[in-house]
Amino acid sequence: MSVITQNHNFEPGFVPRRYTELIRALPIGATLQMTGITWQEYEDLLVDLDEQPRFRLTFDQGRLEITTLSPEHEGYSGLFSHLIQILTEELGTDYIALGSTTLRDKTAEGGTEADDCFYIGDFAAVAGKKRLDLSTDPPPDLAVEIDVTHDSLHKFSIYADLKVREIWRFDGKQMQFHRLSRNRYREVGSSGLFPFLTPEALPQFLEQGRKQGINAMWRAFREWVRTSRK
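The written sequence of each chain sets the order in which its residues are numbered from 1. Where local features are concerned, this predicted model is filtered to residues with pLDDT of at least 70; where side-chain atom pairs are given and counted, the filter is 80 or more; whole-chain, interface and lining totals use all residues. Where side-chain values are given, they derive from all heavy atoms of the structure, hydrogens and water being excluded.

## Quick notes on the overall build of the chain
Put simply, the test is: Only runs of H or I of at least four residues qualify as helices and only runs of E of at least two qualify as strands under DSSP, and these elements are numbered from the N terminus. Note on areas: Shrake-Rupley with a 1.4 Å probe; residue coverage comes only from the protein chains shown.
When you go through the chain residue by residue, the secondary structure sums to seven helices and 13 strands. If you sum the accessible surface of the chain, you get close to 10900 Å²; carbon and sulfur atoms cover 46% of it.

## So, the side chain of T67
Operational definition: Three exposure classes are used, based on accessible area relative to the maximum for each residue type with a 1.4 Å probe and protein chains only: buried under 20%, partly exposed in between, and exposed over 50%. Whether two residues are in contact is decided by their heavy atoms: any pair within 4.5 Å suffices.
When you line up the elements, T67 lands in strand β4 (residues 63-68). The exposure class of T67 is buried, given its relative accessible area of 6%. In this view, T67 contacts A30, T31, R54, F55, R56 and H150; residues no more than four positions away in its chain are not counted.

## Remarks on the pairing of strand β11 (residues 166-170)
The condition is simple: Look down the strands so they point away from you; if going from the first strand over the helix to the second traces a clockwise path, that crossover is right-handed. Between any two strands, pairing holds if DSSP finds at least two bridges.
Among the five residues that make up β11, five are buried, leaving the element largely enclosed by the rest of the structure. Of the two faces of β11, the one lined by E166, W168 and F170 and the one lined by I167 and R169 are each fully buried. With helix α5 (residues 156-162) bridging strand β10 (residues 142-146) and the parallel β11, this β-α-β connection has right-handed handedness. Bridge count between β11 and strand β12 (residues 175-181): five bridges; the pairing is antiparallel. Bridged to F170 within β12 is M175. Here β11 folds back onto β12, and the loop between the two strands holds four residues, one of which, G172, carries a positive phi near 100°.

## Let's talk about unusual backbone geometry
The backbone of E109 shows a phi angle near 50°, a positive value even though the residue is not glycine. If you trace the backbone, E109 turns up in the loop between β6 (102-105) and β7 (110-113). The phi dihedral of R182 is positive, around 55°, even though this residue is not glycine. Mapped onto the elements, R182 comes out in the loop between β12 and β13 (184-188). We classify R182 as exposed; its relative accessible area is 80%.

## Focus: the nonpolar core
How we decide: For this analysis, a nonpolar core means a set of buried residues of the types Ala, Val, Leu, Ile, Met, Phe, Trp, Tyr and Cys, connected via side-chain atoms within 4.5 Å.
Core analysis: the biggest nonpolar cluster contains 27 residues, and F80 and W168 have the highest contact counts within it. Counting residues per element, this core draws most heavily on helix α4 (residues 80-91), which supplies five residues. If near-sequence neighbours (up to four positions away) are discounted, F80 is found in contact with F118, V144, I146, W168, F170, M175 and L206. Listed in part, the 18 residues of the second largest apolar core include Y119, I158, A160 and L162.

## Considerations on helix α6 (residues 202-212)
Taken together, the buried positions of α6 are L202, P203, F205, L206, Q208 and G209. Backbone geometry just downstream of α6 places G213 in the positive-phi region, at approximately 110°.

## Remarks on the pattern of salt bridges
Spelled out, the test is: Between Lys or Arg on one side and Asp or Glu on the other, a salt bridge is scored when a side-chain nitrogen of the former is within 4 Å of a carboxyl oxygen of the latter.
The tally for this structure, following the rule as stated, stands at 13 salt bridges. A salt bridge links E207 to R210, with the shortest nitrogen-to-oxygen separation between them at 3.7 Å. Taken together, the positions of E207 and R210, both in helix α6 and three residues apart, correspond to about one turn of that helix. Looking at E207, the relative accessible area reads 21%, which means it is partly exposed.

## With respect to the environment of V164
Along the chain, the position of V164 falls in the loop between α5 and β11. Judged by relative accessible area, V164 falls into the buried class, the value being 0%. V164 sits 23 residues away from D141 along the chain, and the two C-alpha atoms are 5.9 Å apart. Setting aside residues no more than four positions away along its own chain, V164 makes contact with L103, P139, P140, L142, A143, Y159, L180 and Y185.

## Quick look at the sheet that holds β13
Selection criterion: For helices, the axis comes from a line fit to the C-alpha atoms of the stretch in contact; other axes are also lines fit to C-alpha atoms, and the angle between any two N-to-C directions lies between 0 and 180 degrees.
Spatial strand order, β5-β8-β10-β11-β12-β13: six strands in an open sheet with mixed pairing. Looking at strand neighbours, the two that pair on one side only are β5 (95-97) and β13, the edges of this open sheet. On average, adjacent strands in this sheet sit at an angle of 25° to one another, irrespective of strand direction. Pairing of β10 with β11, which is carried by five bridges, proceeds in the parallel orientation. Bridged to A143 within β11 is I167. Contacting β11 and β12, α6 crosses the sheet at an angle of about 125° to β12.

Set out below in structure tokens:
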């Protein structure tokens, strides 16, 4: 992973015009870090880089981090929605997946983009929205972070400010579940959303999805859920 650090003190509106070309040229697995960025500059960049799914932007009180994604990363992130679909079907509820939708709160001066995020059960207030403002919109129930090229732990304080209930973090080998408690995340041994589900159960199915295909993963995971939830 390569890290490019820039320190700035520019007038509002300058950053998107000056740095869009630099950002678009970032190599796979790179990170661009900038400081002294205003909320308006961050929002302008969100607009300027719209429809560019290979980037993830994280803003934390003037610090902006932009990362680019690898094919390995994307291979894993696309599997979680299938797992959530099976879990919710078997439990008789429903969900919506909002992918890497920007989660932001101007009041907290924080924003980030998960690799996937989910509203489970009650999602009417956010259905159809492309970008959320969590100063007014309810937060997702679940965010997924794939840490095969970038570490997401520094984003947890932002997620806590945004009140995201649960984070699943996968590094390509191991899974961790983190649950929000008193404005901080604690690693837990089972999901609060699906109490029978442990982090140790998921990596085998993710690998199966990558190597044997989605349908094979579907069949195996559905059978496991039906057996494990009894």
